[in-house]
Amino acid sequence: MFARYRSRPFMAIASACALLLTSSSVAQAGAVGSTPVRTFEYSVGGMTMKVPTGCAFTHIIRGGGKKITYQNAGVDCAFVAALGTGFCNWRIDFTYADTDNRTYRVSRGRTHPECKIDPMRNNSPQTLPRYGKACAHLHVNGVRRVSQCHHITK
């Protein structure tokens, strides 16, 4: 069971290495980043749920210039956190902001009513109108709990 929860961080590291080792005549870029999910409690149907320490929110983005060819975000949990009930009423949003930090596009994810230990979402390929940053945000039970961003520059 532990191997299941190690697979995405391993794949993220392998993807990052592959991006560094491949060469092409077209400029390609990619970024992988993880942010720890802080411990928090929330209520679902009168029952208190607790997310313990041991989870990380990972955001992967690939492309070149303002073109995004792949984007994914999700949660990986290890140790005791991997044995918990997970995240209930969750959704993952992707937002895009310009260099003045003004959000100009939001891709709001669907709210999933079930509880899941490893929520994940992909976003469609796209070309951004401006440079700035791309962020992924995890919402649990209607509250933003963690974000992870990457800068999109020339």
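Residues numbered from 1 in each chain as written. Predicted model: local features only at pLDDT ≥ 70, side-chain atom pairs only at ≥ 80, totals over all residues. Heavy atoms only, no water.

Enquirer: Help me out: how do you make sense of the packing of aromatic side chains in this one?
Expert: Two measures describe an aromatic ring pair: the distance that separates the ring centres and the angle between the ring planes. On inspection of all chains with the given rule, the structure shows 2 aromatic pairs. Feature note: the residues F40, Y42 and F87 constitute an aromatic cluster, connected by ring pairs. Positioned above the aromatic ring of Y70 is the side chain of R62, whose terminal nitrogen or guanidinium carbon lies 4.4 Å from the ring centre. Residue placement shows R130 over the ring face of Y104; its charged tip is 4.5 Å from the ring centre. (Phe/Tyr/Trp six-rings, centres within 6.5 Å; stacked < 30°, edge-to-face > 60°. Lys NZ or Arg CZ within 6 Å of the ring centre and 35° of its normal.)

Enquirer: Whenever I open this one, the environment of Q148 confuses me. Can you help?
Expert: Inspection of the secondary structure puts Q148 in strand β12 (residues 143–152). Here Q148 falls in the buried class, since its relative accessible area comes to 11%. Spatially, the C-alpha atoms of Q148 and L138 are 9.0 Å apart, while their sequence positions differ by 10 residues. Beyond its immediate chain neighbours, meaning those up to four positions away, Q148 contacts G33, S34, T35, F57, H59, A134, C135 and A136. Polar contacts involving the side chain of Q148 include one to the side chain of H150, which spans 3.1 Å. (Helix = DSSP H or I, 4+ residues; strand = E, 2+ residues; numbered from the N terminus. Buried < 20%, exposed > 50% of the residue type's maximum accessible area, 1.4 Å probe, protein only. Contact = heavy atoms within 4.5 Å. Polar contact = N/O pair within 3.5 Å; in protein donor to acceptor, adjacent residues only side chain to side chain.)

Enquirer: Any chance you could explain the pattern of salt bridges here in plain terms?
Expert: A side chain of one charge can pair with a side chain of the opposite charge if their charged atoms are brought near each other. Enumeration according to the criterion identifies 3 salt bridges in this entry. Taking the shortest distance from any N to any O, the salt bridge between R102 and D100 comes out at 3.2 Å. Shared partners join several salt bridges into a network, and the residues in it are D98, D100 and R102. (Salt bridge = Lys/Arg side-chain N within 4 Å of Asp/Glu carboxyl O.)

Enquirer: Help me understand the state of the cysteines, please; the structure alone is not making it clear to me.
Expert: Where two cysteines share a covalent bond between their sulfur atoms, that bond is called a disulfide. The full count for this structure, using the stated rule, is 3 disulfides. Note that C55 is cross-linked by a disulfide to C77, the S-S spacing being 2.0 Å. Its S-S torsion of approximately 105° makes the covalent link between C55 and C77 right-handed. Remark: C77 occurs in strand β5 (residues 67–77) and C55 occurs in strand β4 (residues 55–64); sequence separation between them is 22 residues. Per residue, the accessibility class of C55 equals that of C77, and both read buried. Note that C135 is cross-linked by a disulfide to C149, the S-S spacing being 2.0 Å. For the disulfide bridge between C135 and C149, the dihedral angle about the S-S bond is near 110°, and by the sign convention the bridge is right-handed. Residue C135 is found in strand β11 (residues 132–140), and its partner C149 is found in strand β12; the two are separated by 14 residues along the sequence. Each bonded cysteine of the protein chain is numbered by sequence order, and under that numbering the disulfide pairs are 1-2, 3-4, 5-6. (Disulfide = S-S within 2.5 Å.)

Enquirer: Looking at this model, I keep getting lost on the environment of G65. Mind explaining?
Expert: Relative to the assigned elements, G65 resides in the loop between β4 and β5. Sequence separation between G65 and T153 is 88 residues; the distance between their C-alpha atoms is 6.9 Å.

Enquirer: Can you walk me through the nonpolar core in this structure?
Expert: Side chains of nonpolar character tend, in soluble globular proteins, to be buried together. In terms of nonpolar packing, the biggest core is built from 26 residues, with V37, F57, F87 and L138 touching the most fellow members. The set of elements that each furnish at least two residues to this core consists of β2 (40–44), β3 (47–51), β4, β5, β6 (87–98), β11 and β12. It is β6 that contributes the most residues to this core, 6 residues altogether. (Core = buried A, V, L, I, M, F, W, Y, C linked by side-chain atoms within 4.5 Å.)

Spatial relationships are all this shows, so hold off on functional conclusions.
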